[in-house]
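Report on the structure
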4 protein chains.
Amino acid sequence: MQMSADALAQCNENPLYRTIGIRLDAVADGNAHATMTPAAAVCWPTPGQPHGGILFTVMDTTMAFAALSNADDGSGCATVDCSIQYPAPARHAPYTCRATTLRRSGRTVFVRAEVLDAAQAIVALGQATFRLLPPRA
Amino acid sequence: MQMSADALAQCNENPLYRTIGIRLDAVADGNAHATMTPAAAVCWPTPGQPHGGILFTVMDTTMAFAALSNADDGSGCATVDCSIQYPAPARHAPYTCRATTLRRSGRTVFVRAEVLDAAQAIVALGQATFRLLPPRA
Amino acid sequence: MQMSADALAQCNENPLYRTIGIRLDAVADGNAHATMTPAAAVCWPTPGQPHGGILFTVMDTTMAFAALSNADDGSGCATVDCSIQYPAPARHAPYTCRATTLRRSGRTVFVRAEVLDAAQAIVALGQATFRLLPPRA
Amino acid sequence: MQMSADALAQCNENPLYRTIGIRLDAVADGNAHATMTPAAAVCWPTPGQPHGGILFTVMDTTMAFAALSNADDGSGCATVDCSIQYPAPARHAPYTCRATTLRRSGRTVFVRAEVLDAAQAIVALGQATFRLLPPRA
């Protein structure tokens, strides 16, 4: 699956992305890429720095699209588990997230991702397991 | 450290909690408890269900307060790593999160947490490492 | 499922357990308990301290039995993911591991475990996802 | 730091590696590489397949050397946390592990690793946090 520019634009109108400041940039062939310019409201407790849960959210959603990109149209997916590490404070927006599918085994997909700051330093890294959900009839 | 009712109320006015719908209920002696009634804006892609990143956020912030509750006044803390699992969909608000400090070793604190739905079913469980930051002079 | 004393004794003769020094003590109703008295060969690089991978191994195998204890006879299981934290050095054998099933969802089982040293201090804690494999025909 | 052929050979004589069947191949500049030909004794419960804890052990030790390779001579290191995923059964020895340091922040080092089977398929992937220990006086 490759998301078209129209599909990306439509997705980016969703309320979660608009509240946080997430933009999905590209989804194709097991990979996905997103950009986050965090809204002031999610930069707490340190002004200017997105909360760790917000970095997790952009990572999780980008990985989910990477996982879905190799599934049948109309599939859903659920995060089974995700581990995140925070090597450094996130002080320089915008942030970019790239997610890569490492392996799919049946309906289970293993994905890694990194979040980089504006200077290309890693501020979060993760690995997750997703479970693909078949399209609803 | 035990947070007073006033301190909790003041904390709960922060923009992140108000955007998501988080309320910190109690922080004392290595433990913390929070309640989340998710705002509609963070219930995406499934209406009525908070995004997995939002469940992570309430878990991470509750664990951070559990970690801080045994530190010197004015300390900060940073999440080093956190692993989350999602045993079931989150369909029944409000959600409660309880976090428990298992061990502190110097400035490193090991914490576990669970998020339960309104029927007391576990919808997320996590374990994390936090690094305490000394009070600023 | 509850493993009988005979079944436990037979399991404990396996070469992995004998090489490491693992003894499975009890398996019943979603829980499992094991004891490890580490062989000198697996205490490296610090004499007297089992390698972190050995602590992981006792935790993983104990959790697997906890997961299996609620499955049909003859089922197998595979670890999907496991996160481990090491709050303190492991200096006081024997070690005990207790594993608890938190939730089963279809063929997926979510389990937590802790490894304690002889003084009951936590030296490792983990959470894992297992996938049950149906009995072979 | 770069480990010389002599230093590698000496390390590879340690009892843990000999018991399991691990050989450290190269350590330099934040990276490390190892090969595992698992002893029959650690291939349980499925003959011919190393236990998941054994795959973890080779991954953890390889990552530790990657972390140490950028530290002062004589430093030690301790695993703080490690997350492992198992995308597929490990059926084709020998296995190779490559570990890569992603970032060092003070005495904390963030490392990723993969274990590949003889056909270059990923059978385990991990990310870990290590804490460097200063050389003993």
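A brief report on the enclosed structure follows. (Residues numbered from 1 in each chain as written. Chains lettered and ligands numbered in written order. Predicted model: local features only at pLDDT ≥ 70, side-chain atom pairs only at ≥ 80, totals over all residues. Heavy atoms only, no water.)

**As for the packing of helix α3 (residues 52-68) of chain C against helix α3 (residues 52-68) of chain D**
Threshold: Where helices are involved, their axes are fitted lines through C-alpha atoms of the stretch in contact, as for all axes, and angles between N-to-C directions lie from 0 to 180°. Counting from the N terminus, the helices are DSSP H or I runs at least four residues long and the strands are E runs at least two residues long. Each angle is binned into one of four classes, with values under 35 degrees roughly parallel, values over 145 roughly antiparallel, values of 65 to 115 roughly perpendicular, and all other values oblique. By convention, the crossing between two helices is left-handed when the near helix turns anticlockwise from the far helix through less than a right angle, and right-handed when the turn is clockwise. By definition in these notes, contact holds between two residues if any of their heavy atoms fall within 4.5 Å.
α3(D) packs onto α3(C) with a crossing angle of 155 degrees between their chain directions and a minimal axis gap of 8 Å. As summarised for this structure, α3(C) and α3(D) are arranged roughly antiparallel, according to the angle between their axes. Considering how the two elements wind past one another, α3(C) and α3(D) form a crossing that is right-handed. Facing α3(C), whose interface residues are C:G52, C:G53, C:I54, C:F56, C:T57 and C:D60, α3(D) presents D:G52, D:G53, D:I54, D:F56, D:T57 and D:D60.

**Observations concerning the relation of the copies chain A and chain B**
In plain terms, the rule: A least-squares superposition brings the copies together, and it is based on the C-alpha atoms of residues with pLDDT no lower than 70 in both.
When chain A is fitted to chain B, the residual RMSD is 0.0 Å, and the transformation amounts to a turn of 180 degrees plus an axial shift of 0.0 Å. Here the symmetry operator amounts to a two-fold rotation axis. Every residue of chain A has its C-alpha some distance from the rotation axis, and the shortest such distance is that of A:S83, at 2.1 Å. Of all interface residues in chain A, 100% are interface residues in chain B too; the two copies therefore contact each other through one and the same surface.

**Quick notes on the pattern of salt bridges**
Two side chains bearing opposite charge may form a pair once their charged atoms approach each other closely. Here is the rule: Here, a salt bridge means any side-chain nitrogen of Lys or Arg that lies within 4 Å of a carboxyl oxygen of Asp or Glu. Burial classes: relative accessible area under 20% of the type maximum marks a residue as buried, over 50% as exposed, and values in between as partly exposed (1.4 Å probe, protein chains only).
Counting across every chain of the model gives 16 salt bridges over all chains. Here C:R112 ties to B:E114 by a salt bridge, and the two come within 2.6 Å at their closest N and O atoms. In this pair, C:R112 is assigned in strand β5 (residues 108-116) and B:E114 in strand β5 (residues 108-116), connecting two distinct chains. Of the two residues, C:R112 and B:E114, neither departs from the other in class, the shared state being buried. C:E13 is the salt-bridge partner of C:R18, the closest N and O atoms lying 2.8 Å from each other. Linked by salt bridges that have partners in common, A:R98, A:E114 and D:R112 make up one network.

**Some points on the pairing of strand β2 (residues 31-36) of chain C**
Residues and elements named next belong to chain C. Here is the rule: Any two strands between which DSSP finds at least two bridges are classified as paired.
Of the strand pairs in this sheet, strand β1 (residues 22-28) and β2 are connected by 6 bridges, and their pairing is antiparallel. The residue of β2 that forms the bridge with L24 is A34. Joining the antiparallel neighbours β1 and β2 is a turn of 2 residues, in which D29 adopts a positive phi near 55 degrees. Taken together, the 6 bridges between β2 and strand β4 (residues 95-105) define a ladder with antiparallel strand orientation. Looking across to β4, one finds that M36 is bridged to Y95.

**Considerations on unusual backbone geometry**
Look at the link from A:W44 to A:P45: it is a cis peptide, with omega at 10 degrees. For A:P45, the position within the fold is in the loop between β2 (31-36) and α3 (52-68). The omega angle of the peptide bond from C:A93 to C:P94 is -5 degrees, so this bond is cis rather than trans. Non-glycine residue B:D29 carries a positive phi angle of around 55 degrees. Secondary-structure assignment places B:D29 in the loop between β1 (22-28) and β2 (31-36).

**Brief notes about the environment of C:T37**
All names here are of chain C. Here T37 is to be found in the loop between β2 and α3. Separated by 32 residues in the primary sequence, T37 and S69 place their C-alpha atoms 24 Å from one another. If near-sequence neighbours (up to four positions away) are discounted, T37 is found in contact with I20, G21 and P94.

**So, the relation of the copies chain C and chain B**
The two chain copies are connected by a rotation around an axis plus a translation along it. Between the two copies, chain C and chain B, the superposition gives an RMSD of 0.0 Å; the rotation angle is 180 degrees and the shift along the axis is 0.0 Å. Mapped onto chain B, 100% of the interface residues of chain C again fall at the interface, so both copies present the same surface.

**Observations concerning the sheet that holds β1(C)**
One open sheet holds the 12 strands; their spatial order is β1(C)-β2(C)-β4(C)-β5(C)-β6(C)-β3(C)-β3(D)-β6(D)-β5(D)-β4(D)-β2(D)-β1(D), and the pairing between them is antiparallel. With one partner strand each, in any of the chains shown, β1 of chain C together with β1 (22-28) of chain D form the two edges of the open sheet. Across the sheet, the axes of successive neighbouring strands diverge by a mean angle of 25 degrees, strand direction being ignored. Pairing analysis gives 9 bridges linking strand β5 (residues 108-116) of chain D to strand β6 (residues 122-133) of chain D, with the strands arranged antiparallel. Counted as the bridge partner of D:V109 is D:F130 from β6(D). Lying on the sheet, α3(C) is in contact with β1, β2, β3 (76-85), β4, β5 and β6 (122-133) of chain C together with β3 (76-85) of chain D; it crosses β6(C) at an angle near 45 degrees. Packing against the sheet, α3(D) makes contact with β3 of chain C together with β1, β2 (31-36), β3, β4 (95-105), β5 and β6 of chain D, and its axis sits at approximately 45 degrees to β6(D).

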